[in-house]
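Here's the letter readout for the chains.
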Protein chains: 2
Amino acid sequence: MTTRIPIVENILSANDRMAERNRLLLDQASVYSINIMASPGAGKTSLILKTLESLRGRLKLGVVEGDLATSIDAEKAAAAGLPAVQINTGGECHLDATMLADALPALPLSDIDLVLVENVGNLICPANFQIGTHLNVLIASIPEGDDKPYKYPGMYRGVQVLIINKIDLLPYVPFHMDYFQRGVEILNPGVVMFAVSSKTGEGMDAWTDWLVAQVESNR
Amino acid sequence: MTTRIPIVENILSANDRMAERNRLLLDQASVYSINIMASPGAGKTSLILKTLESLRGRLKLGVVEGDLATSIDAEKAAAAGLPAVQINTGGECHLDATMLADALPALPLSDIDLVLVENVGNLICPANFQIGTHLNVLIASIPEGDDKPYKYPGMYRGVQVLIINKIDLLPYVPFHMDYFQRGVEILNPGVVMFAVSSKTGEGMDAWTDWLVAQVESNR
């Protein structure tokens, strides 16, 4: 067992070095970037599509979609007329920095202000792999339940932004916002939070305006 | 790279050997067992609690709860008066057969007909690790969306039972049952399916009656 620890450290630091290279590449091209994580079905793709719609005309956008298989998500982004790259992880439960390094050259970075990276749907593994983006964003969703911060602390601890999606379902499911937010506060005090419904559009302006301000302040 | 494949095979076959030992132990004690998998928030714990409630008096039950951290779920089962063991994986994204082997002796197997194992909330990693139970059960949920079979094929392929939960939310979310079931059929033709709401109780009898029949036919 003693040999396993250094091997894990070595893999992680190789990933971290590659993440730094991604960040350098993005910064040199003046591209801001966010890594969007969530459990399966929290609404990553729909929220990204609504975000792209709202940012159109304000920022030049690019998309990187991560999935185990299929290119359903990248096709949706491409159908919206945006440069999109699909990463198929071939079963891996998360994106890593090397996968993003392979994907970035396929985007016209000199003509992009903001890249949205959609990670694999998973509340565990992606939290262990920095990929080099400027922000880590977690999308939680109301029907997942209010105990998720307590059960997936690594993910809730590792993000700078938390978007609570599907608030239109609050009347139909048991979800105590106080209990949820207490868990978040313990793990990640001061995390930037937005409550939205990508279905009704509620709360989306606050999120996208904030994101535009981040991109502009990074220039 | 060539050295990685034999190592992975070796880990998996060690897990499979341990899974066989778990099965033997369960069979010797005449205990039937199911491994319940789902993404975070699909309703594993509530469905298990409703199932336990419905089976009370018909079967003697035990519960094994798998989580990254906390013992919230085992406490819920214990509060229902049932023998329950919590496995904290310490960050691992799935249960494996050794974890179950460590947990089983903590249950009074000679006084149990059916053990329900709740795996870690994850649609990817648990599919790669047999733990030795008689059935693998996947809980999908309506608000996750109808594209999940296409995006998480490994999980949908590897189960004998698929429970579609939260059907009470069908009026409030976009979910095309035809599209969903077409994906399931491609990956796993003939999988046993139940559509339920653990909130309203709809469909629960069909699931629990079927489960009792499985336990009885295994005696």
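Residues numbered from 1 in each chain as written. Chains lettered and ligands numbered in written order. Predicted model: local features only at pLDDT ≥ 70, side-chain atom pairs only at ≥ 80, totals over all residues. Heavy atoms only, no water.

**Q** It is not clear to me how the overall build of chain A should be interpreted in this structure. Could you clarify?
**A** When helices and strands are tallied, chain A shows 8 helices and 7 strands. On C-alpha atoms alone, chain A measures out to a radius of gyration of 17 Å, which is about the 17 Å that the 2.2 N^0.38 rule sets for 219 residues. Dimensions of chain A, computed from C-alpha atoms along their principal axes, come out at roughly 55 × 45 × 35 Å. Within chain A, buried positions represent 57% of all 219 residues. (Helix = DSSP H or I, 4+ residues; strand = E, 2+ residues; numbered from the N terminus. Rg over C-alpha atoms; globule rule 2.2 N^0.38 Å. Buried < 20%, exposed > 50% of the residue type's maximum accessible area, 1.4 Å probe, protein only.)

**Q** Please clarify how the sheet that holds strand β5 (residues 135–141) of chain A should be interpreted in this entry.
**A** Working definition: the strands of a sheet are paired by backbone hydrogen bonds and lie parallel or antiparallel to each other. Residues and elements named next belong to chain A. Reading across the sheet, the 7 strands line up as β3-β2-β4-β1-β5-β6-β7 and stay open at both edges, with parallel pairing between neighbours. Every interior strand has two partners, whereas the edge strands, β3 (84–88) and β7 (192–195), have only one. Direction aside, neighbouring strands of the sheet carry axes that sit 20 degrees apart on average. Of the strand pairs in this sheet, strand β2 (residues 61–67) and strand β4 (residues 114–118) are connected by 5 bridges, and their pairing is parallel. Bridging across to β4, Leu-61 finds its partner in Leu-114. Each of β5, β6 (161–165) and β7 touches helix α7 (residues 177–187); the most contacted strand, β6, lies at about 165 degrees to it. (Pairing = 2+ DSSP bridges. Axes fitted to C-alpha atoms, helices over the stretch in contact; angles between N-to-C directions. Contact = heavy atoms within 4.5 Å.)

**Q** So what exactly am I meant to see when it comes to the sheet that holds strand β5 (residues 135–141) of chain B here?
**A** Residue and element names in this part refer to chain B. Read across the open sheet, the 7 strands follow the order β3-β2-β4-β1-β5-β6-β7; overall the sheet is parallel. Two strands in the sheet have a free side with no partner beyond their single neighbour: β3 (84–88) and β7 (192–195). Adjacent strand axes in the sheet meet at a mean angle of 20 degrees, parallel and antiparallel pairs treated alike. As defined by bridge partners, strand β1 (residues 32–38) adjoins strand β4 (residues 114–118) across 5 bridges and the pair is classed as parallel. Within the sheet, the bridge partner assigned to Ile-34 lies in β4 and is Leu-116. On the sheet, helix α2 (residues 44–55) packs against β1, β2 (61–67), β4, β5 and β6 (161–165) and is oriented at approximately 170 degrees with respect to β4. Sheet strands in contact with helix α7 (residues 177–187) are β5, β6 and β7, and its direction is about 165 degrees off that of β6.

**Q** Would you mind going over the interface of chain B and chain A with me for this structure?
**A** Quite often, the size of an interface is put as the accessible area lost when its parts meet. The partner chain A presents 35 residues to the 35 residues of chain B that form the contact. Summed over both sides, the interface of chain B with chain A buries roughly 2500 Å², with 62% coming from carbon and sulfur. When residues of chain B are sorted by the area they lose upon contact with chain A, Pro-40, Lys-151 and Tyr-172 of chain B head the list and together hold 24% of the total. The partner of Asp-67 of chain A in a salt bridge is Lys-151 of chain B, and the shortest N-O contact between them spans 3.9 Å. Taken together, the links from chain B to chain A amount to 8 residue pairs in polar contact (both at pLDDT 80 or more). Counting only elements with at least two residues in the side of chain B that touches chain A, the list comes to α3 (72–79) and α5 (148–151) of chain B. Class assignment of the residues belonging to the side of chain B that touches chain A gives a composition of 17 nonpolar, 7 polar and 11 charged. (Buried area = accessible area lost by both parts, 1.4 Å probe. Salt bridge = Lys/Arg side-chain N within 4 Å of Asp/Glu carboxyl O. Polar contact = N/O pair within 3.5 Å; in protein donor to acceptor, adjacent residues only side chain to side chain. Nonpolar A, V, L, I, M, F, W, Y, C, P; charged D, E, K, R; others polar.)

**Q** Before we go on, may I ask you to explain the packing of aromatic side chains in this structure?
**A** What describes a pair of aromatic rings is the distance from one ring centre to the other and the angle between the planes of the rings. All names here are of chain A. Within the structure shown, the criterion is met by 13 aromatic pairs over all chains. Between Tyr-156 and Phe-180 the ring centres are 6.0 Å apart and the planes differ by 80 degrees, which places this aromatic pair in the edge-to-face class. Taken together, the residues Tyr-156 in helix α6 (residues 153–157) and Phe-180 in helix α7 connect sequence positions 24 residues apart. Phe-180 shares its class with Tyr-156; the two are buried. (Phe/Tyr/Trp six-rings, centres within 6.5 Å; stacked < 30°, edge-to-face > 60°.)

**Q** For this particular structure, what's the right way to read the relation of the copies chain B and chain A?
**A** The two chain copies are related to each other by a rotation about an axis together with a translation along it. Overlaying chain B on chain A yields an RMSD of 0.0 Å, the required transformation being a rotation through 180 degrees with an accompanying axial translation of 0.0 Å. Here the transformation between the copies is reduced to the relation of a two-fold axis. Of the residues that chain B buries at the interface, 100% are likewise interface residues in chain A, meaning the two copies contact each other through the same surface. (Least-squares fit on C-alpha atoms with pLDDT ≥ 70 in both.)

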